Amino acid sequence: MKKIISLFLFLALTGIGLAQKSPIMDGKERLNLFDKQLALIDNSEHSDLHWQFLGPTNISGRVTDVEAVKPKGQNYTIWVATASGGVWLTENEGITWESKFDKQVTTDIGDLAIDPLNPDVVWVGTGEANIFRSSMAGCGIYKTTDGGETWENMGLENTNTIGRVVIHPENTNIVYVAASGNEWTTNPERGVYKTTDGGKSWKKILYVDEMTGANDLVMDPKDPNTLYACTWQRVREKWNDPRTYEGYSGSGIWKTTDGGKNWKQINQGLPVADQRGRIGIDISVSNPNILYILLDNYEVAYEAKEGDLDSYNRQKSDVIKGAAVYKTSNKGESWELVSGKGQMKKFMERHSGTYGWVFSQIRVDPQDENKIYTQGLFLNTSTDGGKTFVRESRIHMDHHALWLDPDNSDYMLSGNDGGVYVSYDGGSNWRHFVDIPVIQFYNVGYDMGDPFKVYGSIQDHFSFSGEVKLDFGRDRIQAVSWDRAPGGEGSTHAVDPRDPNIVYSCGFYGSLSRTDLRKGWNRGKNILPKMDEGELPLRGQWVAPFILSPHNSDIIYHAMQYVFRSRDMGNTWEQISPDLTYNDINKIGDISYQTIFSLSESPLKFGLIYAGTDDGRLHVTKNGGEDWTEIPNGLPKNKWISRLVASKYEMGRVYMTQNGKRDDDFQVYIWVSEDYGQTWTDISGNIPLGPVNVIREDLRNPNVLYVGTDIGVYISKDRGQSWQVLGDLPSTYVHDLIIHPRDNIMVIATHGRGMFALNMDPLSSNERRFQRR
């Protein structure tokens, strides 16, 4: 026994061995581990605690597909697939909505399809194919035969993103799936799959290579053996948006006339392969000889000038031709460019902004072969076969889904980053189904007002704040409409604890402002530290960290690739660290990377600060930045450090979480150090699946910890030796959580279901009140 203890002590002191964890990347393993999650839910002593939805009630979120049961007028059923809020159903034309995908390993949806012969049968392909910055991974395809009451995973667990599901109109056991593959890494589970037995088995019928997936698929309405598929060669890098590179050959259009036994490429008239980005396709129901594609064309339109900035204040890259509509009138034998000519040239260049890889949806009016819709920043309508377009700017931006009633194309369902809209008159008027609560928060902050407010930034909606009202009781908190607040759509917030009117917000890529709400939420002062002329530009994450010092609220720490400190509320700054990232010149692109993502100052000692980066480096200073020491010591390398918490109970104690999302890794990485980060202990315990986004200490008991992951919230009462699921939360992406220090209410920010509050008194009532000795 002494030798074993000695070996354990040796490992602990050296940091060798204890921190080695294998990545979780296999889909079947994820499904098996999710069964353990369901068992944790069933066995949790806290499963009866109720999470109370806070809202916002006036905001919805990103939709990836919308489908309706036909014929309209006899049916009022609509199915909605969301980017990270699961699947929603209405059976009364949107008067009420019900979540139908609450207890699954992923709630990130790529596409859905309703069985044309039995509307109770619905197929759901998981994993958003748009691979936006906040997209999550799917885990195959699901099927319900009872209108969404129960679901069965039907395989394809390693595809991770699914762009389209197509069902044979006469034999609905035949289903085709366009799988675009992993977002961040290569994998062979890409291409077009087919089942002929209702999903019991699958055959890959179109495959290019492990970098090229199928993102769209359409079937000839008069010949179900004829299908057209779009393939897209892409892997997202941590420092660059998806793009084409010289020599890429996988992106293009394919056709089969025998149900997928044989395929041929049909790219005549299109740009060369390495200038073809993402492609979307649709076929004319009224004339199947005609198809249209929306292609992201990487041919350069003109070179950007030095100093030209994009919408995120970054130096512009050369402007590509971007969105382009091509038409074939001979079933794909040849294609003709029909858009972007004359006065429409600039219109198409701006169609998709700087991120054409997010958009590719195109629809043909089922009754008019010349009327088409393209979806980019806006919904655009052409009545002349793509030559000219009219932009719809009255509804929310960033469009990803459109359903047209085949019997009456004036009935339209539009899905975008704002939710679902319906038009009964061909787009002249729109109704917003705002009460689908799939809000995508990045963060949560709070103030000390009474009642207190919480702040958060929302994907494509800027920042908002809402009151947490306890008037009706701590277990009857009401959801409310939220108000605009300082900050952008990717922000962090901190409020001066002495004055709830002073709000600090960090916007796109680290921009920083201070706002006095008495002057207006939009009257903030830019307080971002400035670099001297000739120095390298600052790099900040999309959601960059800054903190108010727990010792003095006038002191702010702000993190880019450096740590800055202000002692006067941001009026003046000093740089207190060198570049704490790897600063690899080969990994500097158009997405900010190699930045500090996590920052924490000890509540017990001023100047004891930990900083963790998105490229996996970890440093500590014990003297306010005069000296920094790197402290990896056996931890998994290059993993995104998602959270650091310097303990309020013990001086040398610090907690850390790492997030493997950008490696397509779903392992649980949670660590604690008792010696300022010199050695680390794994405290992931029995949490089955990650990625992990946040960890917090309890405000009263040093043994109690809370963790938020891409599935839910957990509580440990023994400092990480074991964990239980906390409350009745559906499967959701918990990006952040706080406990209000006065009111003892936990608030979580989810990326897909809005914010929730939990009364912590039942957890605190039987706990011993600890004080640090």
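Just so you know, these numbers come straight off a predicted model, no measurement behind them. For every chain, the first residue of its written sequence is number 1, and the numbers climb from 1 along that sequence. For this predicted model, a pLDDT threshold of at least 70 governs which residues receive local features, and a threshold of 80 or more governs which side-chain atom pairs are given and counted, while totals over whole chains, interfaces and linings are taken from all residues. By convention in this description, side-chain values take in all heavy atoms of the structure and omit both hydrogens and water.

**Re the nonpolar core**
Formed by 39 residues in total, the largest nonpolar core has its most connected members in W79, V124, I670, L689, V707 and Y714. By nonpolar core we mean a set of buried residues, namely Ala, Val, Leu, Ile, Met, Phe, Trp, Tyr and Cys, connected to one another through side-chain atoms within 4.5 Å. Working definition: with a 1.4 Å probe on protein chains only, accessible area under 20% of the residue-type maximum means buried, over 50% means exposed, and in between means partly exposed. Residues I59, V444, F464 and A749 belong to the second largest nonpolar core, which totals 19 residues.

**Quick word on the packing of aromatic side chains**
Aromatic rings considered in pairs are described by the distance between their centres and by the relative angle of their planes. A pair of aromatic rings is counted whenever rings of Phe, Tyr or Trp (Trp by its six-membered ring) have centres within 6.5 Å, and the orientation is called stacked for planes under 30 degrees apart, edge-to-face for over 60 and tilted otherwise. In total, this model carries 20 aromatic pairs according to the counting rule given. Three or more aromatic residues joined by ring pairs make a cluster, and in this case those are W79, F101, Y142 and W151. Throughout this description, the term charge over a ring refers to an Arg CZ or Lys NZ atom that lies within 6 Å of the ring centre and within 35 degrees of the ring normal. One residue, R617, lies across the ring of Y582, its end atom 4.7 Å from the ring centre. Above the face of the Y676 ring, K622 is positioned so that its terminal group lies 4.1 Å from the ring centre.

**Focus: the environment of T257**
With respect to the secondary-structure elements, T257 resides in the loop between β16 (252–256) and β17 (264–265). Residues T257 and L31, spaced 226 residues apart in sequence, show a C-alpha to C-alpha distance of 36 Å. Contact criterion: two residues are considered in contact whenever any of their non-hydrogen atoms come within 4.5 Å of each other. Leaving out residues up to four positions away in the same chain, T257 has contacts with N225, T226 and N262. Working definition: helices are DSSP H or I runs of at least four residues, strands are E runs of at least two. Numbering for both runs from the N terminus.

**Section: the sheet that holds strand β33 (residues 483–484)**
The 4 strands are arranged β30-β31-β32-β33 in an open sheet whose pairing can be described as antiparallel. Here the strands that pair on one side only, and so sit at the sheet edges, are β30 (445–446) and β33. What makes two strands pair is DSSP finding at least two bridges between them. In this structure, β30 lies alongside strand β31 (residues 453–458), joined through 2 bridges in antiparallel fashion. Counterpart to G445 in the pairing with β31 is Y455.

**What to know about helix α2 (residues 27–43)**
What sets the pattern is the α-helix's 3.6 residues per turn: residues three or four places apart point alike. Taking 1.5 Å as the rise per residue, α2 with 17 residues should run 24 Å; its terminal C-alpha atoms sit 25 Å apart, in good agreement. Taken together, the buried positions of α2 are occupied by G27, R30, L31, L33, F34, Q37, L40 and I41. Mapping the buried residues of α2 onto a view down its axis gives an arc of 165°, with all of them on the same face. In this structure, α2 carries K28, N32, K36, D42 and N43 as exposed residues pointing more than 90 degrees from its buried face. In the core, the buried residues of α2 are packed alongside β8 (141–144), β9 (152–153), β52 (713–716) and β53 (724–725). One side-chain oxygen of the residue at the start of α2 lies 3.1 Å from the amide nitrogen of K28, identifying that residue as D26. Residue count minus one, scaled by 1.5 Å, sets the expected span of a helix. The arc in question is traced by the directions running from the helix axis to the C-beta atoms. N or O atoms within 3.5 Å of each other form a polar contact, as long as, within protein, one can give a hydrogen and the other can take it, and as long as residues adjacent in sequence are counted only when both atoms are side-chain atoms.

**Structural notes on the side chain of D365**
Structurally, D365 is set in the loop between β22 (362–364) and β23 (372–375). Asp and Glu count as negative and Lys and Arg as positive, but His and the ends of the chain are not part of the count. By salt bridge we mean one thing: a side-chain nitrogen of Lys or Arg within 4 Å of a carboxyl oxygen of Asp or Glu. Here D365 is buried and forms no salt bridge, its nearest opposite-charge partner K371 lying at an N-O distance of 4.3 Å. At 2.8 Å, the side chain of D365 and the backbone nitrogen of Q367 are in polar contact. Here S409 takes part through its side chain, which lies 2.9 Å from a polar atom of the side chain of D365. Contacts of D365, omitting those with residues within four sequence positions, involve K371, Y373, L404 and S409.

**Notes on the sheet that holds strand β3 (residues 78–82)**
Working definition: the strands of a sheet are paired by backbone hydrogen bonds and lie parallel or antiparallel to each other. With antiparallel pairing, 4 strands are arranged side by side in an open sheet as β2-β3-β4-β5. Looking at the sheet topology across the chains shown, the edges are occupied by β2 (63–68) and β5 (98–99). Pairing of β2 with β3, which is carried by 5 bridges, proceeds in the antiparallel orientation. Bridging across to β3, V63 finds its partner in T82.

**What to know about the side chain of T144**
Note on placement: T144 falls in strand β8. Accessibility expressed as a relative area gives 0% for T144, which makes it buried. From its side chain, T144 meets the backbone oxygen of T150 in a polar contact 2.8 Å long. Setting aside its immediate chain neighbours within four residues, T144 contacts D120, V121, V122, E149, T150 and W151.

**Concerning the confidence of the model for the protein chain**
Close inspection of predicted coordinates is inappropriate for parts of the model with low pLDDT. On average, the protein chain scores 94 in pLDDT, and the residues at 70 or more come to 95%. Per-residue confidence from the predictor is reported as pLDDT, a score between 0 and 100. In the predicted structure, residues 1–19 sits below a pLDDT of 50 and forms 16 contacts with residues beyond four places in sequence or in another chain. Confidence drops under pLDDT 50 across residues 768–773; counting only partners more than four residues distant or on other chains, this segment forms 13 contacts.

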